[in-house]
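# What the coordinates show
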Amino acid sequence: MAKIRTRFAPSPTGYMHVGNLRTALYAYLISKHEDGDFIFRVEDTDQERFVEGALDIIYNTLKITGLKHDEGPDIGGPVEPYVQSERTAIYLEYAKKLIDKGEAYYCFCTKERLDALRTDAEAKKQTPKYDKHCLHLSKEEIEEKLSSGIPYVIRQNNPTTGTTTFDDKIYGTISVDNSELEDMVLIKSDGFPTYNFANVVDDHLMGITHVVRGSEYLSSSPKYNRLYEAFGWEIPIYVHCPPIMKDAQHKLSKRNGDASFEDLIKKGYLKDAVLNYIALLGWNPGTEKEIFSLKELVEVFDYRNINKSPSIFDDVKLRWMNSEYIKMLTLDEFNKMALPYYKEVITKDLDFMKISELMQTRVEILTQIPELIDLFEDLPEYSIDMYLHKKMKTTFENSLETLEKILPKFENITDWNLNNIQNSCMELVEELGVKNGIVLWPIRTAVSGKQSSPGGAFEIAEILGKEETIRRIKVGIEKLQTAK
Ligand code: GLU
């Protein structure tokens, strides 16, 4: 069997949408599963839609996610150039080949004529379609128009009867009546190819065996097949990927400002978690396993398991997956990632490693960190009602007693560490002959000032240090005294 070659062929028109990333990932996995080649091609023939900087984002995304290409504009390869705007001469040459075969023709129709055709069709409630007017020009007429510099396009000459069928590995066999096929433009009046034409020529010349792309291209595939047939080229294997939905009705789309890869990273997701999650959007391994490294995906990926039903981008699932990836980090790795988020709210010199120990198992996404740990910087303004905890059976009175009695014990600790803090608290529990909660809840409340906190009384007190802990206990005592 020929070596598998797939390509990722983005148009640099904006940011890297998760749908684009999934296409890149699947194309990568299909080739790498069989030790094949993964090619990166830039489809920039629609110069009007070109967005400055978009390409950098795409390169960067491929790089950080580890989807390493074997050929591409930046590294070259046997079928360069890999940028379509540098290949315009090739497309013209191939369009002319089709003209020679009678499979394409020059069209000199003016915009006015085309507009009139459209208006006419719309009035008759028909789908607008070019009427092959220029197909019937004589050789001499064509020569004359070309030499007098009249602008032209080159159109595909599609049959008007019969059907065109194509096979997609995911969606099955699809047939259309040729009468529905438009004589689509291959070369535009500016000399640039249309996206559809350049795509077919390049996929063939670059030896692409599996064409992986979004299902939005499904309806164009008959036109592609007509081109392959017109050239007499072998048709590649098509793998169209299902749409990614925001909910049952809406597609995840650039226009709605939905998830781009960059946004997800900014929101505090880990790149490996995002990649893993995206792999499962429309594909499943056929087992219960959900956590896959890229290497594992390469091993198990079988594109025949891609579903054709739309997949829903589920934030809750992605958050869960992200938390699993966070837990898999070493404490050191986590601490490095979390540090910028700590620094957003903490100016004090605290033991961040200790904070990381608390946070690593508690956060789903890194952007949750600041609001969870701001209590280490300043004691929040809090209501004394927080001391009342039904289940723990705490009241203002017993809370005040706890705080007043823990204060001297804390003051007596010379070596401020978790063990000693814990021992002091447990000593008090014993002395008072009460349940742990009666002592621990008020202390936790006093040192954190929050209804819920990462870690309990001991951990927070340890990180705050002796002086700050004592200060906060005193604040608690004052507050509770006013409740009397
Ligand atoms: N340039 C197209 C896009 O960015 C890719 C289509 C394809 O892969 O064939 O959507």
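The residue count restarts for each chain, going from 1 along the sequence in the order it is written. Restriction of local features to residues with pLDDT of at least 70 applies here, the model being predicted, together with a cutoff of 80 or more for giving and counting side-chain atom pairs; totals for whole chains, interfaces and linings are based on all residues. Side-chain measures here rest on the full set of heavy atoms in the structure, leaving out hydrogens and waters.

### A word on the overall build of the protein
Helix and strand labels come from DSSP, where a helix needs a run of H or I of at least four residues and a strand needs a run of E of at least two; each type is numbered from the N terminus. Secondary structure summary: the protein contains 19 helices and 11 strands in total. Here the C-alpha radius of gyration of the protein, 33 Å, is well above what a compact globule of 484 residues would show, namely 23 Å. Along the first, second and third principal axes, the C-alpha set of the protein runs to 110 × 50 × 35 Å. Only protein chains enter the accessibility calculation, which uses a 1.4 Å probe; a residue is then buried when its area is under 20% of its type maximum, exposed when over 50%, and partly exposed in between. Buried residues in the protein amount to 50% of all 484 residues. Residue burial considers only the protein chains on display, and all accessible areas are found by Shrake-Rupley using a 1.4 Å probe. Total accessible area on the protein stands at roughly 23,500 Å², and carbon and sulfur atoms take up 50% of it. Averaged over its 61 positive side-chain charges, the protein has a centre that lies 3 Å from the centre of its 77 negative ones. Each radius of gyration reported is based on C-alpha atoms, and the globular scaling rule is 2.2 Å times the count of residues to the power 0.38. Residues counted as positive are Lys and Arg, residues counted as negative are Asp and Glu, and His and the chain ends are not counted. Each charge is placed at NZ for Lys, CZ for Arg, CG for Asp and CD for Glu.

### Some remarks on the UniProt feature "domain: Aminoacyl-tRNA synthetase class I anticodon-binding" (unreviewed entry) in the protein
UniProt's feature table lists "domain: Aminoacyl-tRNA synthetase class I anticodon-binding" (unreviewed entry) at residues 334-477, given in the numbering used throughout. A distance of 36 Å separates the end C-alpha atoms of residues 334-477, which is 62% helix and 0% strand. UniProt positions are given in the numbering used here, feature names are shortened, and annotations may be inferred rather than shown by experiment.

### Overview of the UniProt feature "binding site: Zn(2+)" (unreviewed entry) in the protein
The residues that UniProt annotates with the feature "binding site: Zn(2+)" (unreviewed entry) are Cys 107, Cys 109, Cys 134 and His 136. A maximum C-alpha distance of 12.3 Å is found for the annotated residues, which run over 30 residues; spatially they form one tight group. In this structure, Cys 107 sits in strand β3 (residues 104-107). Look at Cys 107 and you get buried, because its relative accessible area is 2%. Inspection of the secondary structure puts Cys 109 in the loop between β3 and α4 (111-123). Two residues qualify as a contact provided that any one of their heavy atoms is within 4.5 Å of a heavy atom in the partner residue. Leaving out residues up to four positions away in the same chain, Cys 109 has contacts with Leu 114, Tyr 130, His 133 and Cys 134.

### Structural notes on the side chain of Gln 156
Its place among the elements puts Gln 156 in strand β4 (residues 153-156). A distance of 3.4 Å separates polar atoms of two side chains, one belonging to Gln 156 and the other to Asn 158. Not counting residues up to four positions away in its chain, the partners in contact with Gln 156 are Glu 103, Ala 104, Tyr 105, Asp 183, Met 184, Leu 186, Lys 223, Arg 226 and Leu 227. Within 3.5 Å is the distance limit for a polar contact, defined as a pair of N or O atoms, with the added protein rule that one can donate a hydrogen and the other accept it, and that residues adjacent in sequence qualify only through two side-chain atoms.

### Details of unusual backbone geometry
Residues Glu 80 and Pro 81 are joined by a peptide bond in cis, for which omega reads 0°. Residues other than glycine seldom take positive phi values, yet Lys 125 does so here, at roughly 55°. Relative to the assigned elements, Lys 125 resides in the loop between α4 and α5 (139-147). Even without being a glycine, Lys 393 presents a positive backbone phi close to 60°. In this fold, Lys 393 is placed in the loop between α14 (369-373) and α15 (396-412). Residue Lys 393 is classed as exposed on the basis of its relative accessible area, which comes to 61%.

### Focus: the sheet that holds β3
Taking strand neighbours across the sheet as the criterion, the three strands line up as β3-β4-β7 in an open arrangement whose pairing is antiparallel. The sheet is open, and its two borders are formed by β3 and β7 (185-187), each paired with just one other strand. Averaged over all pairs of adjacent strands, the angle between strand axes in this sheet comes to 40°, irrespective of strand direction. By the convention used here, strands pair only if DSSP detects at least 2 bridges between them. Relative to β7, β4 runs antiparallel, the two being bridged by two bridges. Each residue of the ladder has a partner; that of Ile 154, found in β7, is Ile 187. To define axes, lines are fitted to C-alpha atoms, for helices over the stretch in contact only, and angles between the resulting N-to-C directions are given on a 0 to 180 degree scale. Helix-sheet contacts for helix α3 (residues 88-100) involve β3, β4 and β7, and the interaxial angle to β3 is about 110°.

### Focus on the site of the ligand
Close to the ligand lie Arg 7, Ala 9, Pro 10, Ser 11, Glu 43, Tyr 195, Asn 199, Arg 213 and Tyr 217. Within the side chain of Arg 7, one N or O atom sits 2.7 Å away from an oxygen atom of the ligand. Note that an oxygen atom of the ligand is positioned 3.1 Å from one of the side-chain N or O atoms of Arg 213. Here the ligand loses 87% of its free accessible area of 300 Å² to cover by the protein chains. Asp, Glu, Lys and Arg are counted as charged, while Ala, Val, Leu, Ile, Met, Phe, Trp, Tyr, Cys and Pro are counted as nonpolar; the rest, among them Gly, fall into the polar class. For the shell around the ligand, the class distribution of residues is four nonpolar, two polar and three charged. Nearness is judged by heavy atoms alone; a residue qualifies as near a molecule or strand once a single heavy atom is within 4 Å of it.

### Focus: the state of the cysteines
In plain terms, two cysteine sulfur atoms within 2.5 Å form what is called a disulfide here. Considering all chains together, one arrives at zero disulfides under this definition. Between Cys 134, a free cysteine, and Cys 109, which holds the nearest cysteine sulfur, the sulfur-to-sulfur gap is 3.6 Å. Its relative accessible area of 3% is what places Cys 134 among the buried residues.

### Some details on the packing of aromatic side chains
Only Phe, Tyr and Trp rings are paired, with Trp represented by its six-membered ring, and only when their centres lie within 6.5 Å; those with planes under 30 degrees apart are stacked, over 60 edge-to-face, the remainder tilted. Taken as a whole and judged by the stated rule, the model has 21 aromatic pairs. Summarising the aromatic geometry, the rings of Tyr 106 and Tyr 152 are spaced 5.1 Å apart at their centres and angled 85° between planes, so their arrangement reads as edge-to-face. Placement of the pair is Tyr 106 in strand β3 and Tyr 152 in the loop between α5 and β4, with a sequence separation of 46 residues. Taken together, a centroid distance of 6.0 Å and an interplanar angle of 65° make the contact between Trp 283 and Phe 292 edge-to-face. For Trp 283, a relative accessible area of 1% puts it in the buried group. The rings of Tyr 94, Phe 197, Tyr 228, Phe 231 and Trp 233 are connected pair by pair, giving a single aromatic cluster. In this scheme, Lys NZ or Arg CZ marks a charge over a ring once it lies within 6 Å of the ring centre and within 35 degrees of the ring normal. Between Arg 155 and the ring centre of Tyr 130, over which it is positioned, the NZ or CZ distance is 3.8 Å. Sitting above the plane of the Tyr 382 ring, Lys 479 keeps its charged end 4.4 Å from the centroid.

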